[in-house]
Amino acid sequence: MNGATEQIFQQFVLRVNLSEPLLLGAMLLIRIVPIVLQTPFLGGKLVPTETRIGLSVGLAFLVWPYAPSGMTGPLDAGPMTLIVLMGKELFIGFTLGFLAAELFYFMEVAGRALDVMRGSNMAEVQVPELQLRASPVGQFNFQLLLVVFCALNGHGYFIESVIESFRLVPVDGWPAFSGGFAEMVDLILTYTASLFKIAFALVFPALFASFLVDVVFGMFNRIAPQLNAYFMAMGVKAMGGLVMFFFCMYKMADEMARHLAHSLLFVRRIVTHFG
């Protein structure tokens, strides 16, 4: 009877080796999870961990057809090699997620600087996507940038870059650093430094308006020392900076769209450097 049962299993049961697809899926997740955890437009910290892991699994299924295209063969490396490959996947995922989220953080910092200049930095609100406390204008900048990003289909272009990274650097391969690792680091540092200039340039009109209010009331104080110019300027400065901020918002949204496009192109450029 046992012999007959064994023969039936050999004839009709499909025996599949699941170790290879499971290992490939784990490698895909190691690169994708840091991206999902860092980028605000893929959920952010407000989304429960279970949902973010589910989104990562969904993206892994989306990437799955493209992942084996650059692989040289099955993942049959030794344990130490697999650990190093996992570290490589984690490094690539963290780099792409960090670069995609940088502009959002810098816009929040620029908004906080404006609120400090207006004297309204004591009012803080929660940024849902980051689970961090931010000033009102900083929170507004963050959410406005997020809306512009989604309106431009930035998340779609970013996912295309992630898929391209699996083609250029397969899970069983190593980054070639075509331009050199030092050059890539220099590009990232230069791009990060430029974000300070971009973020503060977008809120500069409101910063300058608040500064002019201080100058004008300082002159009033020199003319009439009995006036309490400091407290008189507080309300005017807060409202003046806010009015100028909203007055320039249309142009600021256009500039945000332009810099977001540049940011997505820079992420794609870094992906090509990995290859």
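Residues numbered from 1 in each chain as written. Predicted model: local features only at pLDDT ≥ 70, side-chain atom pairs only at ≥ 80, totals over all residues. Heavy atoms only, no water.

Trainee: Is there a simple way to explain helix α8 (residues 204-223) in this structure?
Mentor: Since the α-helix packs 3.6 residues into each turn, any two residues three or four apart lie on the same face. In this model, α8 (20 residues) spans 29 Å end to end at C-alpha, consistent with the 28 Å of a helix rising 1.5 Å per residue. The complete set of buried residues in α8 reads Ala 206, Leu 207, Ala 209, Ser 210, Val 213 and Phe 217. For α8, the angular spread of buried residues about the axis comes to 165°, placing them on one side. Exposed and oriented more than 90 degrees from the buried face of α8 are Met 219, Arg 222 and Ile 223. Structurally, α8 contributes buried residues whose contacts are with α4 (79-118), α7 (181-202) and α9 (229-247). (Helix = DSSP H or I, 4+ residues; strand = E, 2+ residues; numbered from the N terminus. Expected span 1.5 Å × (residues − 1). Buried < 20%, exposed > 50% of the residue type's maximum accessible area, 1.4 Å probe, protein only. Arc of directions from axis to C-beta. Contact = heavy atoms within 4.5 Å.)

Trainee: Help me out: how do you make sense of empty space enclosed by the protein in this one?
Mentor: Summary: where empty space remains is shown by rolling a probe the size of a single water molecule over the atoms. This model, assessed by the stated rule, comprises three cavities of 30 Å³ or more. In this model, the largest cavity occupies a volume close to 50 Å³. Contributing elements (two or more residues each) for the lining of the largest cavity: α2 (19-38), α3 (49-63) and α6 (154-168). Considering each element in turn, the lining of the largest cavity owes the most residues, three residues, to α6. (1 Å grid on protein atoms, 1.4 Å probe; cavity = no way out; pocket = protein on both sides within 12 Å on 5 of 7 lines; lining within 4 Å. Points joined across faces, edges and corners; volume = space filled by probe spheres on them.)

Trainee: Mind showing me how you'd approach the layout of surface pockets here?
Mentor: In this structure, the largest pocket encloses a volume near 160 Å³. What lines the largest pocket is simply Phe 91, Phe 94, Thr 95, Phe 98, Leu 99, Phe 181, Met 184, Val 185, Ile 188, Leu 189 and Thr 192. Among the elements of the structure, α4 and α7 are those that each provide at least two residues to the lining of the largest pocket. The biggest single contributor to the lining of the largest pocket is α7, with six residues. In the lining of the largest pocket, the residues fall into nine nonpolar, two polar and no charged. (Nonpolar A, V, L, I, M, F, W, Y, C, P; charged D, E, K, R; others polar.)

Trainee: What is the right way to look at the packing of aromatic side chains in this model?
Mentor: Aromatic ring pairs are described here by two measures, namely the spacing of the ring centres and the angle between the planes. One pass over the structure, following the stated rule, counts 16 aromatic pairs. On the numbers, 6.1 Å between centres and 40° between planes, the contact of Phe 41 with Phe 104 is tilted. Taken as a pair, Phe 41 in the loop between α2 and α3 and Phe 104 in helix α4 lie far apart in primary sequence, 63 residues in all. Judged by centre distance (5.1 Å) and plane angle (75°), the ring pair of Phe 177 and Phe 181 falls under edge-to-face. (Phe/Tyr/Trp six-rings, centres within 6.5 Å; stacked < 30°, edge-to-face > 60°.)

Trainee: Would you explain the pattern of salt bridges in this entry?
Mentor: Once the charged atoms of two side chains with opposite charge are near each other, the side chains can pair. On inspection of all chains with the given rule, the structure shows nine salt bridges. Of the charged contacts in the structure, one is a salt bridge between Glu 164 and Arg 167, with a shortest N-O distance of 2.5 Å. Here Glu 164 and its partner Arg 167 are both found in helix α6, three residues apart, which amounts to about one turn of the helix. Put simply, Glu 255 and Lys 251 hold a salt bridge, and the shortest N to O gap is 3.8 Å. Linking Glu 255 with Lys 251, this pair stays in helix α10 (residues 249-274), spanning four residues, or about one helical turn. Judged by its relative accessible area of 19%, Glu 255 is buried. Overall, Lys 251 belongs to the exposed group, its relative accessible area being 53%. (Salt bridge = Lys/Arg side-chain N within 4 Å of Asp/Glu carboxyl O.)

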